[in-house]
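A closer look at the structure
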Amino acid sequence: MAARRKIIIDTDPGQDDAVAILLALASPELEVLGITAVAGNVPLALTEKNARKICELAGRPDIPVYAGAAQPLVRKLVTAEYVHGKTGLDGPDLPEPTMPLQPGHAVDFIIETLDAAAEDEITLCALGPLTNIALALNRAPHLAGRIREIVSMGGGLFEGGNTTPAAEFNIYVDPHAAQAVFHCGRPVTLHPLDLTHQCLTTRERVDAFRAMGTRVGTATAELLDFFERFDEQKYGTEGGPLHDPNVIAWLLAPELYSGRQINVEVETGSELTMGMTVADWWRVTDRPRNVHYMRYVDEAGFYALLTERLARLD
Ligand code: RIB
Ligand code: CA
């Protein structure tokens, strides 16, 4: 097997974050160096605990989990309990974690990991607001070259926003961090709502997880049963969009995805459009093409990969 791809997962679990983490931990192509929690779907005290619950669900209490930013860079924290429940991981009844939270700040862990790495060696997988990553880049710009790629779930253009009419949640929570990361000069791949809205958790797909008869399969079905209810009602669809696992699936099977290298800017001035990703899909400007913007996914292939890999966990 080729050398394992070294990744750090930055996350605000969140049911869909949980499925993304499970996918990463089930995939031998990836070496998860650590998980860094950020405030987003729920406050930091819950996102870091949820990250540890998911590692233990996957049978991986060895994965170092760090707590990071409790607030966005500039804005006041906005959370999403209305989607994820008060724990942020409503659905399954997962036990309190026994694995410890690592001492030290998540941003220090990211910087220390980059400092010890070779050029282009580390992939940052961002499943929540980009606060931790922006802080690390701001404190250690000289280490940016150690980043192979930043893969982020966030934004939207053709699908509009899911938090305001203009903005997707991760970018809306910390637009200043997103704008900084999108202009950091390293390869940035973005999985926006335009793509994730194609990946609906239909009954057949959720039942496939339940039919595994494993702890992970059952917990995944329960996570999705809870997670999808809000979007099913909002969009009138069978199932809801499954966002974050696309970040990991992109690393495992890039052939499932297609998009364009385009300019993406983030609104940080207007309250009306705060956090909007102004994506120049039609290339009508000469602004720098700073983001690999994913627009299309083979959704059947995505779910086939997800189901096959999660079945490897017990
Ligand atoms: O808008 C969807 C994104 O916001 C996902 O990452 C979800 O977990 C929430 O963080
Ligand atoms: Ca998330």
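The text that follows walks through the structure, step by step, so that each part is easy to find. (Residues numbered from 1 in each chain as written. Chains lettered and ligands numbered in written order. Predicted model: local features only at pLDDT ≥ 70, side-chain atom pairs only at ≥ 80, totals over all residues. Heavy atoms only, no water.)

Okay, the overall build of the chain next. From N to C terminus, the chain includes 12 helices and 10 strands. Against the globule reference of 20 Å for 314 residues, the chain gives a C-alpha radius of gyration of 18 Å, in line with a compact fold. On the principal axes, the C-alpha backbone points of the chain span a range of 50 × 45 × 40 Å. Contacts in the chain between residues far apart in sequence, at least 24 positions, make up 82% of those at least 6 positions apart. About 11,800 Å² of surface is accessible on the chain, with carbon and sulfur atoms providing 54% of the total. Looking at the chain, you have 27 positive and 43 negative side-chain charges, and the mean spots of the two groups are 2 Å apart. (Helix = DSSP H or I, 4+ residues; strand = E, 2+ residues; numbered from the N terminus. Rg over C-alpha atoms; globule rule 2.2 N^0.38 Å. Contact = heavy atoms within 4.5 Å. Areas by Shrake-Rupley, 256 points an atom, 1.4 Å probe, with all protein chains shown as cover. Lys, Arg positive; Asp, Glu negative; His and termini not counted. Charge placed at Lys NZ, Arg CZ, Asp CG, Glu CD.)

Inspection of the secondary structure puts Arg309 in helix α12 (residues 299–310). Looking at Arg309, the relative accessible area reads 9%, which means it is buried. At 3.0 Å, the side chain of Arg309 and the side chain of Glu308 are in polar contact. The contact partners of Arg309, leaving out residues within four places of it in the chain, are Leu23, Ala26, Ser27, Pro28, Glu29 and Leu252. (Buried < 20%, exposed > 50% of the residue type's maximum accessible area, 1.4 Å probe, protein only. Polar contact = N/O pair within 3.5 Å; in protein donor to acceptor, adjacent residues only side chain to side chain.)

Ligand 1 sits among 13 residues. The nearest are Asp16, Asn162, Glu168, Asn170 and Asp244. Within the side chain of Asp12, a nitrogen or oxygen atom sits 3.0 Å from an oxygen atom of ligand 1. Asp16 is positioned such that a nitrogen or oxygen atom in its side chain is 2.6 Å from an oxygen atom of ligand 1. Burial of ligand 1 by the protein chains amounts to 97% of its free accessible area of 270 Å². Where the shell around ligand 1 is concerned, the elements lending two or more residues are α1 (15–25) and α6 (169–173). Considering only residue class, the shell around ligand 1 consists of 3 nonpolar, 5 polar and 5 charged. (Near = heavy atom within 4 Å. Nonpolar A, V, L, I, M, F, W, Y, C, P; charged D, E, K, R; others polar.)

Glancing now at α12. The α-helix advances 3.6 residues per turn, and as a result positions three or four apart in sequence lie on the same side. Its 12 residues place the ends of α12 16 Å apart at the C-alpha level, agreeing with the 16 Å of an ideal helix rising 1.5 Å per residue. Taken together, the buried positions of α12 are Gly301, Phe302, Tyr303, Leu305, Leu306, Arg309 and Leu310. Those residues of α12 that are buried lie in contact with α1, α9 (203–210), α10 (215–235), α11 (245–252), β7 (257–262) and β10 (291–297). With a side-chain oxygen positioned 3.2 Å from the backbone nitrogen of Ala300, the residue opening α12 is Asp298. (Expected span 1.5 Å × (residues − 1).)

A few words now on the coordination of the calcium ion (ligand 2). The protein atoms that coordinate the calcium ion (ligand 2) are Asp12 (OD), Asp17 (OD), Asp17 (OD), Leu127 (O) and Asp244 (OD), at distances of 2.2 to 2.5 Å. One chain supplies every donor for the calcium ion (ligand 2), spaced along it as D-x4-D-x109-L-x116-D. A residue pair is termed long-range when its members are at least 10 positions apart, and Asp12 in the loop between β1 (5–11) and α1 and Asp244 in the loop between α10 and α11 qualify at 232 residues. Note on accessibility: Asp12 and Asp244 belong to one class, buried. (Donors = N, O, S within 2.8 Å, 3.2 Å for Na, K, Ca; no water.)

Moving on to the nonpolar core. Among the nonpolar cores identified, the biggest contains 59 residues, and Ile9 and Ile248 are the most heavily contacted of them. In terms of residue count, α1 provides more of this core than any other element does, 8 residues in total. With near-sequence residues (within four places) excluded, Ile9 lies in contact with Ile21, Ala24, Val32, Gly34, Ile35, Thr36, Cys125, Leu127 and Ile248. Counting residues in each nonpolar core, the second largest holds 36 residues, with Val107, Ile171, Val188 and Trp281 among its members. (Core = buried A, V, L, I, M, F, W, Y, C linked by side-chain atoms within 4.5 Å.)

The 8 strands lie next to each other as β3-β2-β1-β4-β5-β6-β10-β7, forming an open sheet whose pairing is mixed. Only two strands of the sheet have a single partner each, and these edge strands are β3 (65–67) and β7. For this sheet, the mean inter-axis angle between neighbouring strands, taken without regard to orientation, is 25 degrees. Examined bridge by bridge, β1 and strand β4 (residues 122–126) share 5 bridges and lie parallel to one another. When the bridges of β4 are listed, Ile9 appears paired with Cys125. The sheet strands contacting α11 are β1, β2 (30–37), β4, β5 (147–153), β6 (188–191), β7 and β10, and the helix crosses β5 at an angle near 140 degrees. (Pairing = 2+ DSSP bridges. Axes fitted to C-alpha atoms, helices over the stretch in contact; angles between N-to-C directions.)

Each aromatic ring pair is specified by the distance between its two centres and by the angle formed by the two planes. Applying the stated rule across the entire model yields 8 aromatic pairs. For the pair Tyr66 and Phe109, a centre-to-centre distance of 4.3 Å together with 20 degrees between the ring planes defines the contact as stacked. Highlighted residues: Tyr66 in strand β3 and Phe109 in helix α4 (residues 106–115), separated in sequence by 43 residues. Exposure remark for Tyr66: the relative accessible area of 13% places this residue in the buried category. Phe109 gets classed as buried once you look at its relative accessible area, which sits at 9%. Look at Phe302 and Tyr303: their rings are 5.1 Å apart centre to centre, the planes differ by 75 degrees, and that puts the pair in the edge-to-face class. The exposure classification of Phe302 matches that of Tyr303, with both residues buried. Here the aromatic cluster, defined as three or more aromatic residues joined through ring pairs, consists of Phe158, Trp281, Trp282, Tyr293 and Tyr296. The ring of Phe158 has Arg295 lying over it, and the distance from NZ or CZ to the ring centre is 3.6 Å. Over the ring of Trp281 we find Arg295; its NZ or CZ atom is 5.3 Å from the centre of that ring. (Phe/Tyr/Trp six-rings, centres within 6.5 Å; stacked < 30°, edge-to-face > 60°. Lys NZ or Arg CZ within 6 Å of the ring centre and 35° of its normal.)

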